[in-house]
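Examination of the molecular architecture
Residue strings, one per chain:
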Protein chains: 2
Amino acid sequence: MKLHTHLYAVIMAGGSGTRFWPLSRQLYPKQLLRIMGGETLIQQTMRRVLRCVPSKRVFISTTPVQADSIRFQLGEWKDALTDNFVIEPEARNTAPAIALAATELLRRDPYAIMLVLPADHVIKDHARFQAAVRLGTELACAGHLVTFGIKPIRPETGYGYIQPNLRVRLGGKGGLKGHPIARFVEKPDAATAARYLKSGNYFWNSGIFIWRARAIMEEVARHQPALARAMRWIAARAASRALEGRLAQVYRRLTPVSIDNGVMERSSRAAMIPVDFSWSDVGNWSSLEEVAPRNDAGNVVSGKVVDLDSRDSILYADQRLVATIGLSSMVVVDTPDATLVCPKARSQDVKKIVEILKKQGAPEHLEHRTVFRPWGSYTVLEEGPGYKVKRVTVNPGGRLSLQLHHQRSEHWVVIAGTARVTRGRRVFALRVGESTGIPKETRHRLENTGSHTLHIIEVQNGPYLGEDDIVRFQDDYGRGVKRVARRS
Amino acid sequence: MKLHTHLYAVIMAGGSGTRFWPLSRQLYPKQLLRIMGGETLIQQTMRRVLRCVPSKRVFISTTPVQADSIRFQLGEWKDALTDNFVIEPEARNTAPAIALAATELLRRDPYAIMLVLPADHVIKDHARFQAAVRLGTELACAGHLVTFGIKPIRPETGYGYIQPNLRVRLGGKGGLKGHPIARFVEKPDAATAARYLKSGNYFWNSGIFIWRARAIMEEVARHQPALARAMRWIAARAASRALEGRLAQVYRRLTPVSIDNGVMERSSRAAMIPVDFSWSDVGNWSSLEEVAPRNDAGNVVSGKVVDLDSRDSILYADQRLVATIGLSSMVVVDTPDATLVCPKARSQDVKKIVEILKKQGAPEHLEHRTVFRPWGSYTVLEEGPGYKVKRVTVNPGGRLSLQLHHQRSEHWVVIAGTARVTRGRRVFALRVGESTGIPKETRHRLENTGSHTLHIIEVQNGPYLGEDDIVRFQDDYGRGVKRVARRS
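Residues numbered from 1 in each chain as written. Chains lettered and ligands numbered in written order. Predicted model: local features only at pLDDT ≥ 70, side-chain atom pairs only at ≥ 80, totals over all residues.

Observations concerning helix α7 (residues 213-223) of chain B
Those residues of α7(B) not exposed but buried are B:Ala213, B:Ala215, B:Ile216, B:Met217, B:Glu219 and B:Val220. The inward-facing, buried residues of α7(B) contact α4 (94-108), β4 (113-118), β6 (145-150), β10 (203-212) and α8 (225-236) of chain B. (Buried ≥ 20, exposed ≤ 12 C-beta atoms within 10 Å, placed from the backbone. Helix = DSSP H or I, 4+ residues; strand = E, 2+ residues; numbered from the N terminus. Contact = placed C-beta atoms within 7 Å.)

Quick look at the structure:
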């Protein structure tokens, strides 16, 4: 059941991925994780909004480095979403991201109503979510900037709180009511949080909003004039090719600011609906137990775990074996290149580990051994002096760019599917158990023209094996192509 | 300084490798581990005994599955040790192993004196060890079965204790004395162990012995007549080729029994020297801290570990990253295919994990992803349906058997060194960055004729990829070769 013909959903998918390390990475944030089994958080979010709007009215706000992975995960809705990615050159917190999405919506529909929601939250009751969106849409039509307030269940000090004016009722529907917001409170101390919990007058700020795109832009103009100016500049050039390169320049000058701090707290139009669905922002490993099923011993267990006598712990393995004995309220997370072990109570310090790794330049903070590309993915199986071994996966119909490397040769052995290989001037098929070698300085291309996924093992040899030793001559996905003199 | 012209060392290297899992495996026991940095335990043991006997009088007692790895690790003394491996067809506890070694020594030297010592203990003071062996040798010459007693430093319930008769002195030298043994006590309960510790009259049984080979065989004959009969049968056929196949049959019928329980406790010739060197059997992960250096926070740290605020813990990484936060008295051990997390106090339960894995048929209890062979080693980088990827390392001068596979093809890419490849009737060199394919049913061989180590990446394709799909036509290391009809 769709709610309103001008209602659009904007899924905020630019998260930074530090708090669920090592499962999340800077280039592979929490929204892309399958942390409760089944679908990933962004896939769950997509299904949730599809109860409110059709897929062609869903927009994804993200950054260039994450867009490929998201397109891959939302492949089921590929056609509807093709032109619905609002890509920021870099993340500048939520106010610029929301303003950019609003600007794009207004270009398409001056009456657009925006449901803005993070890609990486868990909401359990879809019907109640839908009811809240329904009321939110009504209030948005009336000009309010609506946020969803969550009834606190613990004295959380990590969230922002909202105090609505419960004596004033802006509207009601399906058992829910809307109220004007009396004030916002940033992360309180423990005593204050306990008082808020007891009072019943304070709600957690969920980060889910509904408003008319025009209304939020009016408030941006009022409270963040520089941001509004930048958006007008962008809007004037939206259809032009000249925008592409200059958008990054404009963006670099924007002040990073959150929509709460920069607009909502300053606006007289802010409203809140106390919602009644179960919600979690799954903010760190210890909050996983709010949403994932526990076994009899209170453990959340995933993957290849052999355990003796542990309780109340999060035991997260993948394909490698993790053996645990007698743990109590611990977090153990194992990935192909990194393992985390800490007490649940220290989960919030995982971001400190990520900071250390960042300073060290350790690749384990940045990305996984498996990296997604528009044509498929690759997994680094091993690297050592002078060589690197990858498993490369190419989706049906996918093809890598026509490219060459200056410093490395490559050997490909097909282990599943059939490849079409371009090597120099030759084009030929490569089947399971067949191989070919690509010398350095030789133009080559790998394609999957079949209907099954293609898997190859690639062995690279050379003194330098960085991903940046690549010259692209043609690319289906618009990635930087070298202009070469053509014979006339 | 060598101690006696008839003194031989027998290093007992048949350990089962359950208690240091996942670093140790059934086929890769503790003695092969570099658990304190520097050399492995068996290498340290070798250096220790070389202060007492020359290398050609060192013997290694082990089983067939471990012999290759041991030969590899003791490669420095390869020539001296070539004929000094006493290989039991299967492990039957220490009495048969010692009896077999004694039988072999007697064949070579009827006056042989045996120093028997486990390959996987840590002893810190070489000079005091040497002094103890010197006195032990004297007492052995006088006909005693000598064991080294360790002064207890904690009420350990996991060891056997020895009560010597301290009023009788069998001899003395270099500040040490020997005494007859009054009694052996198997693992005591905690209260008894505490009483022993306090009394000063009880010593830990170190498992290190010295005796004349003839003397121990006399006592075996007295207390384990079936074992003695088997050894006489073996001795009578020692030089004959017929022994090989039948040794396994003889062995299978032997009762597994320890030398302590089966012989020493029953013998009237047992003597003990209270020794004064620092000793550890490094019996499980928590005992590692007795021998490995700790940092200021009391942690034993190895490999790629990033830690925040942990103390008194054992943090053992290898090449993968391990991040730990706020651990206290924990053990974290990470290997390429398995990770262990447990409190130190539960270290002894690691063997229960290994039992579970064994029952499940999980490969992680049996061997590492890296497996040693007489010609080098291989590491499984990845396996999946229809394919397996290995890095194969061939030592200079090493070559694999001339072989074929019925069910798989192989591709080799050289990443370091130069290979000599036999493929069908062709023999050719393969250099870095070059590759070749070996179809199934094709005879092939990989050799390293160069002076540097050869590394290749091998990609296998086929419906069945087990190590047992191999037909060997020639093998340098005497492994099962198929007899094939030759053209006359």
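Having put the structure on the table, let's press on.
Here's the deal with the relation of the copies chain A and chain B
Of the transformation superimposing chain A on chain B, the axial component is 0.0 Å and the angular component is 180 degrees, with the fit at an RMSD of 0.1 Å. Read as a symmetry element, the transformation amounts to a two-fold axis. It is A:Leu381 whose C-alpha, among those of chain A, lies nearest the rotation axis, at 3.1 Å. Most of the interface of chain A is mirrored in chain B, where 100% of its interface residues again form contacts. (Least-squares fit on C-alpha atoms with pLDDT ≥ 70 in both.)

A word on the domain arrangement of chain A
One frequent convention defines the size of an interface as the accessible area lost when the parts assemble. Its domain assignment divides chain A into domain 1 (7-280), domain 2 (285-354) and domain 3 (370-474). In this structure, domain 2 of chain A and domain 3 of chain A have C-alpha centres spaced 36 Å apart. (Domains from an automatic or database assignment.)

Description of the environment of A:Ile42
All names here are of chain A. With respect to the secondary-structure elements, Ile42 resides in helix α1 (residues 41-49). Judged by C-beta crowding, with 26 C-beta atoms within 10 Å, Ile42 ranks as buried. Along the primary structure Ile42 and Pro439 are separated by 397 residues, whereas in three dimensions their C-alpha atoms are 41 Å apart.

Description of α4(B)
Across its 15 residues, α4(B) extends 21 Å between first and last C-alpha, which sits within 8% of the 21 Å expected from 1.5 Å per residue. With 13 of its 15 residues buried, α4(B) lies for the most part within the structure. (Expected span 1.5 Å × (residues − 1).)

Looking at the pairing of strand β23 (residues 409-416) of chain B
All names here are of chain B. Counting buried positions along β23 gives seven out of eight residues, so the element sits mostly inside the fold. Bridge count for β23 against strand β28 (residues 454-461) is seven bridges, and the pairing is antiparallel. Bridging from a neighbouring strand, Glu410 pairs with Gln460 of β28. The pairing of β23 with strand β26 (residues 435-438) spans four bridges and is antiparallel. Following the sheet pairing, Trp412 is matched in β26 by Thr436. (Pairing = 2+ DSSP bridges.)

Examining the interface of chain A and chain B
Between chain A and chain B, the residue contacts involve 45 residues of the former and 45 residues of the latter. With six residues, strand β18 (residues 338-343) of chain A is the single largest residue contributor to the side of chain A that touches chain B.

Here we look at the pairing of strand β1 (residues 7-12) of chain B
Residue and element names in this part refer to chain B. When you tally the buried positions in β1, you get six out of six residues, the bulk of the element. By the alternation rule, side chains of β1 split into Leu7, Ala9 and Ile11 and Tyr8, Val10 and Met12, which are all buried. Sheet topology note: the β1/β4 ladder contains six bridges and is parallel. Note on β4: the bridge partner recorded for Leu7 is Ile113.

Details of the nonpolar core
In terms of nonpolar packing, the biggest core is built from 222 residues, with A:Met114, A:Leu115, B:Met114 and B:Leu115 touching the most fellow members. Among all residues touching A:Met114, those that are not within four sequence positions of it are A:Tyr8, A:Val10, A:Ala102, A:Leu105, A:Ile210, A:Trp211, A:Ala213 and A:Ile216. The next biggest cluster of nonpolar side chains, apart from the first, holds 36 residues, and it includes A:Trp375, B:Tyr378, B:Ile456 and B:Val459. (Core = buried A, V, L, I, M, F, W, Y, C linked by C-beta atoms within 7 Å.)

Some remarks on the confidence of the model for chain A
Residue and element names in this part refer to chain A. Across chain A, the average pLDDT comes to 92, with 97% of residues at 70 or higher. Counted against residues more than four places away or in other chains, residues 483-488, with its pLDDT under 50, gives one contact. In the model output, the complex is listed with pTM 0.86 alongside ipTM 0.86. (pLDDT = per-residue confidence, 0-100.)

As for the sheet that holds strand β15 (residues 314-316) of chain A
Pairing is mixed in the open sheet, where six strands are placed in the order β13(A)-β15(A)-β17(A)-β18(A)-β16(B)-β14(B). Single-partner strands in this sheet number two, and they are β13 (300-302) of chain A together with β14 (305-308) of chain B. Across the sheet, the axes of successive neighbouring strands diverge by a mean angle of 5 degrees, strand direction being ignored. Here β18(A) pairs with strand β16 (residues 321-325) of chain B via four bridges, running parallel. The partner of A:Val341 across the bridge, within β16(B), is B:Thr324. On top of the sheet, helix α12 (residues 350-360) of chain A reaches β18 of chain A together with β14 and β16 of chain B; it is set at about 135 degrees to β14(B), its chief contact. (Axes fitted to C-alpha atoms, helices over the stretch in contact; angles between N-to-C directions.)

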